[in-house]
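# Geometric and topological summary
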Amino acid sequence: MKSKKIVFVFGLIFAWLILANGVVADTITDDPEKDLALNKDLKAAKTELQSGKQFLRDSRINWEKNRDAYFQDGSEANLANAKKYAKQLINQSIDLLDQYYDLLTVEINNLTGIEVSDKNSMISDLKNEKAWLQTQRVAITESNDALKITGVADTLDAYRQNKQPLFYRIIGIIAASRVNKTITINTDALDRFEAGLGILTDLNRTVGTPQNLFNQLSDQVAQAKEKYTAALNGFRSLNSVTTAQTDFESERSSLNQSRDLLTEAQTSRQNLITELKKIKGSKIGGSGELAAQGNGSFVISNNGSVSLKADGEVTLQLYDWAGDAEVTTTGNASIESADKKTTYRGFTEATITGKEYLILVKGSVTELSAEGGGRAFLSGTGTYQIEGGTAQSFEGANGVIFTISS
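Conventions used here
- Residues numbered from 1 in each chain as written.
- Predicted model: local features only at pLDDT ≥ 70, side-chain atom pairs only at ≥ 80, totals over all residues.
- Heavy atoms only, no water.
- Helix = DSSP H or I, 4+ residues; strand = E, 2+ residues; numbered from the N terminus.
- Buried < 20%, exposed > 50% of the residue type's maximum accessible area, 1.4 Å probe, protein only.
- Contact = heavy atoms within 4.5 Å.
- Areas by Shrake-Rupley, 256 points an atom, 1.4 Å probe, with all protein chains shown as cover.
- pLDDT = per-residue confidence, 0-100.
- Phe/Tyr/Trp six-rings, centres within 6.5 Å; stacked < 30°, edge-to-face > 60°.
- Core = buried A, V, L, I, M, F, W, Y, C linked by side-chain atoms within 4.5 Å.
- Pairing = 2+ DSSP bridges.

Another point: the overall build of the protein chain. Of regular secondary structure, the protein chain possesses eight helices and seven strands. For the protein chain, the proportion of its 406 residues judged to be buried stands at 45%. Considering only contacts in the protein chain between residues 6 or more positions apart, those separated by 24 or more positions represent 80%. Summing over all exposed atoms, the protein chain offers an accessible surface of approximately 19800 Å²; the carbon and sulfur share of this is 48%.

So this is what it looks like as structure tokens:
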């Protein structure tokens, strides 16, 4: 019996499992129950893999013990035991690979920041590999002599060699998807910052320093996306058995450069937020449900509802970040959409509801109320108060900042 071949199978498969370390779940839906189910699936798959590793260690110990006994005494009984535990070791190796495929499948299903084509392709590949492993379960079950058992071990060894590009490709795309998730977050932030800077400019605020920081952030995110795209395309094209590891390391280096740029971008974001806070308002108002009236500009970022009554010509600009904002108006309202901004004019009353939106109201407002969670910036002349409280005035260019809460 060629014992070294069978023992070698264990070593190679165990090396594959190093790639499974550090697997974590991403939240990918707005449904808490679905997220909980996905995370439970991932936890169960990780538990199964850990148990499989222990079973494989036990199988290896039993195989080595009976192999050594056969080497010392080549009796038929010892040969039978050696073959029995060799088959057990190979079966457990196959099971462990199957559990690894299950873990990768759940991990892929949990990912955000991944393209549907990549997700479907990888899941299909893993499904095919699981089907192939089933053929090897049949083969080892039907192998009764030492040469056939060793033949299955040789087949698994060759399989491991040939599948290196697939494994590195999957691991690389998983890593890239997390970087892309961060890029998406930053891209979304850039859209919001751009809208905020536009509003501040519209309010005749000086935005020189914030604009410079915005440009810096935009450049960092663009460079990070370029590095990410290059790495992702490199991972997708991994197909050489002889250079799989070298190619993987090269693309991972590019992905790490993207991460470094995103770390720099995080600092730029914080600096930009700090500068924007400096120029929005000098007076801090109260917190609670807001009631206000006046003539000027009302900038509200909210998760909830805002209602207002217009006195004459009032303009309402809406940026719907969550994509679920609903606006109802009375009067002869005109609606104009451009890019991410929708503008309403000619209404007498308006109500806005949604999970996450930004509005700019300009003109004379007789009644304005806001509830939910967010911030309001009031400039011009008028009064504001906590719902049911005492009215306070706001006037001048500096305005007042109010925290909206229910």
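The next point concerns the confidence of the model for the protein chain. For the protein chain, per-residue confidence averages 87 on the pLDDT scale, and 89% of positions sit at 70 or higher. Below a pLDDT of 50 lies the segment residues 1–30, which in the model reaches 81 contacts outside its immediate sequence neighbourhood of four places, other chains included.

Glancing now at the packing of aromatic side chains. Applying the stated rule across the entire model yields nine aromatic pairs. Judged by centre distance (5.7 Å) and plane angle (40°), the ring pair of phenylalanine 235 and phenylalanine 248 falls under tilted. One end of the pair, phenylalanine 235, is in helix α7 (residues 208–236); the other, phenylalanine 248, is in helix α8 (residues 244–280), and 13 residues separate them in sequence. Residue phenylalanine 235 is classed as buried on the basis of its relative accessible area, which comes to 1%.

Turning our eyes to something else, we now look at the nonpolar core. Ranked by size, the top nonpolar core spans 65 residues in total, and within it Ile90, Ile170 and Phe235 carry the most contacts. Broken down by secondary-structure element, the contributors of at least two residues to this core are α2 (32–72), α3 (76–110), α4 (116–141), α5 (146–162), α6 (164–202), α7 and α8. In terms of residue count, α6 provides more of this core than any other element does, 15 residues in total. Core analysis: the next-biggest nonpolar cluster, separate from the first, contains 27 residues, Leu316, Leu378, Phe402 and Ile404 among them.

In the Ramachandran plot, asparagine 204 falls in the positive-phi region, its phi being about 65° despite a non-glycine side chain. The residue asparagine 204 is located in the loop between α6 and α7 in this model. On the basis of relative accessibility, which here comes to 71%, the residue asparagine 204 falls in the exposed class. A positive phi angle, close to 55°, is found at aspartate 339, a residue other than glycine. Taking the relative accessible area as the measure of exposure, aspartate 339 reaches 77% and is therefore exposed.

Turning to the pairing of strand β2 (residues 290–310), a few remarks are in order. Counting buried positions along β2 yields 15 of 21 residues, so the element is predominantly enclosed. With 24 bridges joining them, β2 and strand β5 (residues 341–371) adopt antiparallel strand pairing. Each residue of the ladder has a partner; that of alanine 291, found in β5, is serine 369. Where β2 meets strand β6 (residues 373–386), 13 bridges bridge the pair, whose relative direction is antiparallel. Across the sheet, residue glycine 294 finds its bridge partner in β6, namely glycine 382.

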